[in-house]
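Chain residues, written in single-letter form:
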Amino acid sequence: FPFKLLTGGVILLKAKVNNYPDSLNFVLDTGSGGISLDSNTVAEFKIPVVESGKTIKGIGGIRKVSFLYNAVLKLPGLEVDRLNFHVNDYSLLTSVYGIKIDGIIGYSFFSKFIVNINYDSLLIKVFSIGEYKYPSGGHILNPMFTALPIQTMRFTDKKKFYNRFYLDTGAGLNFLLSEQYVVDSNVLKKRRKQPLLTQAEGVGGRTNMRITIVDEVKLGPYRFRKVPTYLFKDENNITNYPYLGGLIGNDLLRRFNATFNYVKQEVHIIPNSHYRDDFDYAYHGLSLYYIDNQIVVDDVIPGSPADKAGFIKDDVILALNNDISNNIQMYKIMMQEIGVKMNFVILRNGKALQLSMKPISIL
């Protein structure tokens, strides 16, 4: 069945739950230890759920969740039963992508099948557990599987570092390191250019991070140079440091067609047509969200190009370079041009204004 890619390489697919008629939008996420529904979707369809004392952890923090027990996930040509969906508020993710996010599909699905993700054809193929012949070529990774695949790998920044990292298809970034790991391991100590402050979003909410690059990331035999890297002050230890150093996100993983075989504890990767795609080094310091059918400025990093251009919180973006599509994902892609003057029309206190901004490079 088909899927689409959101900004950052995040996978979005359509599915139904139980006998509710509408198709829902799910993120396919190896970084999720279960399967879940959005609380707003639950309220809209009046889906009966049960309160629980359980919690989930995400980039934005820790939350208590309720459950829909013993439910059925209906994908094109495939029904998966006896699933326990936890319920979480994904309104933030909806505002990030400008598309309603109704849930996240993780371990509860991946653990039952062999799942092939083809980023060239934008198709997912699902196989029953058993003997399986991987596509010719490529490389077989052998992660440890708890609920999440954990890969031991090397990265380089002036010197070589070895650690364990989540393989996280639900993370719309390339590489993330725990700030505590960075401090304890003296990573980036000799880098002249200081990391820049930015903002990122996850299951638990939004949080401030820093962004920089590392010289090289090596996944299996494949090497990537000058990889954009988020530094995460992990106050709730989502990354399980010191056991793990961080995660590999899907903006890097999407450069391979991948087969996840949880039962055999294997992930087969083979370079695809996106393997040599340029990384996004642009930095502007502008946080945009899609709220009530408008693209709204939520945060402006002090001293950033957005701050110098005159943006303030609650500005509404009406147009970017004469594009009036109101498509937040398209605007974010357009804002990846380093050093290129971008002309915005914004609405502030009921008045239309023009602002110009040039993103800078994190290199």
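The structure presented is a predicted model; accordingly, all values stated were derived computationally and were not measured.

1. Here we look at the overall build of the protein chain
- Within the protein chain one finds seven helices and 29 strands.
- For a compact globule of 363 residues, the expected C-alpha radius of gyration is about 21 Å, and the protein chain comes in at 20 Å, within 12% of that figure.
- The dimensions of the protein chain, computed from C-alpha atoms along their principal axes, are 55 × 50 × 40 Å.
- By the burial criterion, 55% of the 363 residues in the protein chain qualify as buried.
- The long-range fraction of contacts in the protein chain, counting pairs at least 24 apart against all pairs at least 6 apart in sequence, stands at 61%.
- Total accessible area on the protein chain is roughly 16500 Å²; 49% of this is exposed by carbon and sulfur atoms.
- If you average the places of the 42 positive and of the 33 negative side-chain charges in the protein chain, the two averages end up 6 Å apart.

2. Quick notes on the sheet that holds strand β22 (residues 266-271)
- Reading across from one edge, β11-β10-β21-β22-β12 is the order of the five strands in this open sheet, with antiparallel pairing throughout. The two strands at the open ends of the sheet, each matched to only one other strand, are β11 (123-127) and β12 (139-141). Each strand axis lies, on average, 15° off the axis of its neighbour in the sheet, ignoring direction.
- As paired strands, strand β10 (residues 114-118) and strand β21 (residues 256-261) are joined by four bridges and run antiparallel to one another. Counterpart to Val115 in the pairing with β21 is Phe260.

3. Comments concerning the environment of Val72
- One can find Val72 in strand β7 (residues 66-75).
- On a C-alpha basis, the gap between Val72 and Leu83 in space is 6.2 Å, while along the polypeptide they are eleven residues apart.

4. What about the side chain of Asn272?
- If you trace the backbone, Asn272 turns up in the loop between β22 and β23 (282-283).
- Looking at Asn272, its side chain comes within polar contact range of the main-chain oxygen of Phe256, at 3.5 Å.
- With sequence-adjacent residues up to four places away left out, Asn272 is seen in contact with Tyr119, Asp120, Arg254, Arg255, Phe256 and Asn257.

5. Some words on the sheet that holds strand β27 (residues 342-348)
- Taken together, five strands build an open sheet; the order of strands is β24-β25-β26-β27-β28 and the sheet is antiparallel. Looking along the sheet, the strands with just one partner apiece sit at the ends: β24 (286-291) and β28 (351-357). Adjacent strand axes in the sheet meet at a mean angle of 40° when their direction is disregarded.
- Across seven bridges, the pairing between β27 and β28 is antiparallel.

6. Some words on the environment of Val300
- On the secondary structure map, Val300 appears in strand β25 (residues 294-300).
- Separated by eleven residues in sequence, Val300 and Phe311 have C-alpha atoms that sit 6.9 Å apart.
- Contacts of Val300, omitting those with residues within four sequence positions, involve Gly285, Leu286, Ala306, Asp307, Phe311, Ile312 and Lys313.

7. Examining the pattern of salt bridges
- The full count for this structure, using the stated rule, is nine salt bridges.
- A salt bridge links Lys100 to Asp102; its shortest N-O distance comes to 3.1 Å.
- Judged by its relative accessible area of 28%, Lys100 falls in the partly exposed class.
- Linking Arg348 and Asp315 is a salt bridge whose minimum nitrogen-to-oxygen distance equals 2.8 Å. Of this pair, Arg348 sits in strand β27 while Asp315 sits in the loop between α6 (305-309) and β26 (316-320); the two residues are 33 residues apart in sequence, bridging distant segments of the chain.

Cut-offs applied
Residues numbered from 1 in each chain as written. Predicted model: local features only at pLDDT ≥ 70, side-chain atom pairs only at ≥ 80, totals over all residues. Heavy atoms only, no water. Helix = DSSP H or I, 4+ residues; strand = E, 2+ residues; numbered from the N terminus. Rg over C-alpha atoms; globule rule 2.2 N^0.38 Å. Buried < 20%, exposed > 50% of the residue type's maximum accessible area, 1.4 Å probe, protein only. Contact = heavy atoms within 4.5 Å. Areas by Shrake-Rupley, 256 points an atom, 1.4 Å probe, with all protein chains shown as cover. Lys, Arg positive; Asp, Glu negative; His and termini not counted. Charge placed at Lys NZ, Arg CZ, Asp CG, Glu CD. Pairing = 2+ DSSP bridges. Axes fitted to C-alpha atoms, helices over the stretch in contact; angles between N-to-C directions. Polar contact = N/O pair within 3.5 Å; in protein donor to acceptor, adjacent residues only side chain to side chain. Salt bridge = Lys/Arg side-chain N within 4 Å of Asp/Glu carboxyl O.

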